[in-house]
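Geometric and topological summary
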Amino acid sequence: MTRPSPFGHPFLLGFDEIEQALDRVAKAGSDGYPPYNIERVPRGEREPERLRITLAVAGFTQDQLDVSLEENQLVVRGRQIDDKSRQFLHRGIAARQFQRAFLLADGMEVLGADLSNGLLSIDLVRPEPERVVRKIAISSRED
């Protein structure tokens, strides 16, 4: 059985991309690994307001992490290869892989990523659009 779309109303034209984005977000939010924070970084004198996504990726090296922008999705992947030469008496830390995706609004830009002390930080910015004011001429029609 399919669920009815809230965007199926005849007055809501052209909102199919929003519906697809909501479906992607619902599917991607099921796994809690790795944990992450999203914070707002206050604007500086000459800098716009930024967002920072911080993921806890302890045990991953820079070579084992991949950050990419795929259309409007920021995708973070981690791949650890299990070292078969090591013999563990107890194994509580598993070598695991992950993929975490964040859906970005139009206009969002990725400034860069930084790995420090097991935390991967990714800074984002949405440049403020210029305010455009346009005067519309009014014409009169007399019949």
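Residues numbered from 1 in each chain as written. Predicted model: local features only at pLDDT ≥ 70, side-chain atom pairs only at ≥ 80, totals over all residues. Heavy atoms only, no water.

Rules: UniProt positions are given in the numbering used here, feature names are shortened, and annotations may be inferred rather than shown by experiment.
Named according to an unreviewed UniProt entry, the protein is Molecular chaperone IbpA, HSP20 family originating from Methylorubrum salsuginis. Taken verbatim from the UniProt record of the protein, the Sequence similarities (unreviewed entry) comment is "Belongs to the small heat shock protein (HSP20) family."

Quick word on the sheet that holds strand 4 (residues 73-78)
Backbone hydrogen bonds are what pair the strands of a sheet, in a parallel or an antiparallel way. Where we set the bar: Pairing between two strands requires that DSSP report at least two bridges joining them. Here a strand is any run of E in DSSP of at least two residues, a helix any run of H or I of at least four, and the numbering for each starts at the N terminus. Where helices are involved, their axes are fitted lines through C-alpha atoms of the stretch in contact, as for all axes, and angles between N-to-C directions lie from 0 to 180°.
Spatial strand order, 3-4-5: three strands in an open sheet with antiparallel pairing. Since the sheet does not close on itself, it has two edges, and those belong to strand 3 (65-70) and strand 5 (98-103), each with one partner. Here the average twist between neighbouring strands, direction ignored, is 15 degrees. Summarising the sheet, strand 4 and strand 5 pair through six bridges and their orientation is antiparallel.

Comments concerning unusual backbone geometry
Here is the rule we go by: Per-residue accessibility, obtained with a 1.4 Å probe over protein chains only, is compared with the maximum for each type, and a residue is labelled buried under 20%, exposed over 50%, and partly exposed between these values.
A positive phi angle is found at glutamate 71, which is not glycine, with a value near 55 degrees. The residue glutamate 71 is located in the loop between strand 3 and strand 4 in this model. Residue glutamate 71 is classed as exposed on the basis of its relative accessible area, which comes to 74%. Of note, the phi angle at asparagine 117 is positive, near 55 degrees, even though the residue is not glycine.

Brief notes about the pairing of strand 3
Here strand 3 runs beside strand 4; their pairing, made up of six bridges, is antiparallel. The residue of strand 4 that forms the bridge with serine 68 is valine 75. Between the end of strand 3 and the start of strand 4, which pair antiparallel, lie two residues, with glutamate 71 showing a positive phi angle near 55 degrees.

Thoughts on the pattern of salt bridges
Selection rule: A side-chain nitrogen of Lys or Arg and a carboxyl oxygen of Asp or Glu constitute a salt bridge if their distance falls within 4 Å.
Considering all chains together, one arrives at seven salt bridges under this definition. Here arginine 50 makes a salt bridge to aspartate 123, at a shortest N to O gap of 3.1 Å. A residue pair is termed long-range when its members are at least 10 positions apart, and arginine 50 in strand 2 (residues 50-56) and aspartate 123 in strand 7 (residues 119-125) qualify at 73 residues. The class for arginine 50 is buried, based on a relative accessible area of 17%. Given a relative accessible area of 15%, aspartate 123 falls into the buried group. Connected via shared salt-bridge partners are Arg50, Arg52 and Asp123.

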